[in-house]
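The chain contents come next:
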Amino acid sequence: MIVSSRSEQEYRAFFALGDDDLAGRVLDCSAGASGFTAAVGAAGGDVTAVDPVYADPQALRDTVERSAAAGAALVDAHDDRFTWSWYGSPQRHRALRDAALATFLEDLAARPERYVVGSLPDLPFPDGAFDLALCSHLLFTWADVLDAPWHHAALTELLRVAHEVRVFPLVQRGAGEPVGFLPALLDTLRDEGRCVQVVPVPYEFQVGADRMLVVRR
Ligand SMILES: C[S@@+](CC[C@H](N)C(=O)[O-])C[C@H]1O[C@@H](n2cnc3c(N)ncnc32)[C@H](O)[C@@H]1O
């Protein structure tokens, strides 16, 4: 799987985050090499990142650099399915990723306690440890390899550790095909008594992928 390094600015747009959203205990799940945790932590936020890749920090820079090339190839292969309206240009897209990677690597070295090894659907946190959990580019993005039962288990686990969960995007990687099981999955969560909303966000890269999922306990 690709390990990418999206920036705090991208996360704020993916999840329509304001400062109030970041005032509580925040989890970035499947955080990879994102610079979000470092930036929010530097501003005084209470933020934790979790990802299986933190088990081998030495390999991370190479993995992320290889992933950036793979990600760029995916965009090139589907260039009619991407819009540069938010980024402005491929150069700004790349600059944000490079800066976020540098921020992440520096923080990982300085504050390793913020970066926890763990995998959905079994996270190493107690019930209700976080007010807000964010999940960028794992659920739904990888729906070709992670099936509907896995997604249900993953969301249930995120709702065990956090009061509110936000997920972006809601389409598959590359061409941004819809996720066939998404409507039934949202119905199941509603049937289980969860508060489920699909909310517009101020970001679009894959054409039409401009909404996040918000689920509350
Ligand atoms: C495409 S990257 C996204 C990284 C970061 N969230 C971002 O948007 O830049 C997907 C991440 O999901 C992580 N991942 C893969 N399987 C996972 C699992 N079962 N639980 C949590 N994270 C997982 C990968 O290690 C990788 O870092």
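Look up a bit, the structure's there.
Scope of this entry: the structure provided in the associated data block.

Rules and cut-offs
Residues numbered from 1 in each chain as written. Predicted model: local features only at pLDDT ≥ 70, side-chain atom pairs only at ≥ 80, totals over all residues. Heavy atoms only, no water. Helix = DSSP H or I, 4+ residues; strand = E, 2+ residues; numbered from the N terminus. Buried < 20%, exposed > 50% of the residue type's maximum accessible area, 1.4 Å probe, protein only. Contact = heavy atoms within 4.5 Å. Phe/Tyr/Trp six-rings, centres within 6.5 Å; stacked < 30°, edge-to-face > 60°. Lys NZ or Arg CZ within 6 Å of the ring centre and 35° of its normal. Pairing = 2+ DSSP bridges. Core = buried A, V, L, I, M, F, W, Y, C linked by side-chain atoms within 4.5 Å. Axes fitted to C-alpha atoms, helices over the stretch in contact; angles between N-to-C directions. Parallel < 35°, antiparallel > 145°, perpendicular 65-115°, else oblique. Left-handed = near helix turned anticlockwise from the far one by under 90°. Nonpolar A, V, L, I, M, F, W, Y, C, P; charged D, E, K, R; others polar.

Remarks on the overall build of the protein
Line of reasoning, step 1. Looking only at helices and strands, the protein has six helices and seven strands in total.
Line of reasoning, step 2. Ordered by position from N to C terminus, the α and β elements of the protein give α-β-α-β-α-α-β-β-α-β-α-β-β.
Line of reasoning, step 3. For the protein, the spread of C-alpha atoms along the principal axes amounts to about 45 × 40 × 30 Å.
Line of reasoning, step 4. Across the 217 residues of the protein, 50% fall into the buried class.
Line of reasoning, step 5. Relative to all contacts within the protein whose residues are 6 or more apart in sequence, the contacts with residues 24 or more apart total 72%.

Re the packing of aromatic side chains
Line of reasoning, step 1. Following the criterion strictly, the structure yields 18 aromatic pairs and no others.
Line of reasoning, step 2. Geometrically, the ring pair formed by Phe-14 and Phe-168 is stacked, given 4.9 Å between the ring centres and 10° between the ring planes. Here Phe-14 is found in helix α1 (residues 8-14), whereas its partner Phe-168 is found in strand β5 (residues 162-168), with 154 residues between them in sequence. For the residue pair Phe-14 and Phe-168, the accessibility class agrees, reading buried in each case.
Line of reasoning, step 3. The ring of Trp-86 has Arg-92 lying over it, and the distance from NZ or CZ to the ring centre is 5.3 Å.

Thoughts on the pairing of strand β7 (residues 211-216)
Line of reasoning, step 1. By the bridge criterion, four bridges tie β5 to β7 in an arrangement that is antiparallel. Among the inter-strand pairings, Arg-166 is bridged to a residue of β7, identified as Val-214.
Line of reasoning, step 2. Pairing of strand β6 (residues 195-200) with β7, which is carried by six bridges, proceeds in the antiparallel orientation. In the strand pairing of β7, Gln-197 is matched with Val-214.

Description of the nonpolar core
Line of reasoning, step 1. Counting residues in each nonpolar core, the largest one holds 35 residues, and the members touching the most others are Leu-27, Leu-120, Leu-123, Leu-139, Phe-140, Leu-155 and Leu-213.
Line of reasoning, step 2. A per-element tally of this core places helix α5 (residues 148-161) first, with six residues.
Line of reasoning, step 3. Excluding anything up to four places from it in sequence, Leu-27 contacts Thr-48, Val-50, Leu-123, Phe-125, Phe-130, Leu-132, Ala-133, Leu-134 and Val-161.
Line of reasoning, step 4. Among the nonpolar cores identified, the runner-up in size contains 22 residues, and Leu-17, Val-26, Met-212 and Val-214 belong to it.

Observations regarding the packing of helix α3 (residues 60-77) against helix α4 (residues 90-110)
Line of reasoning, step 1. Relative to each other, α3 and α4 sit at 170°, their axes nearing to 12 Å. Relative to α4, the element α3 lies roughly antiparallel. The way α3 lies across α4 gives a crossing that is right-handed. Contacts from Leu-60, Arg-61, Val-64, Glu-65 and Ala-68 in α3 reach Arg-94, Leu-101, Phe-104, Leu-105 and Leu-108 in α4.
Line of reasoning, step 2. Looking at side-chain class alone, the contact of α3 with α4 contains seven nonpolar, no polar and three charged residues.

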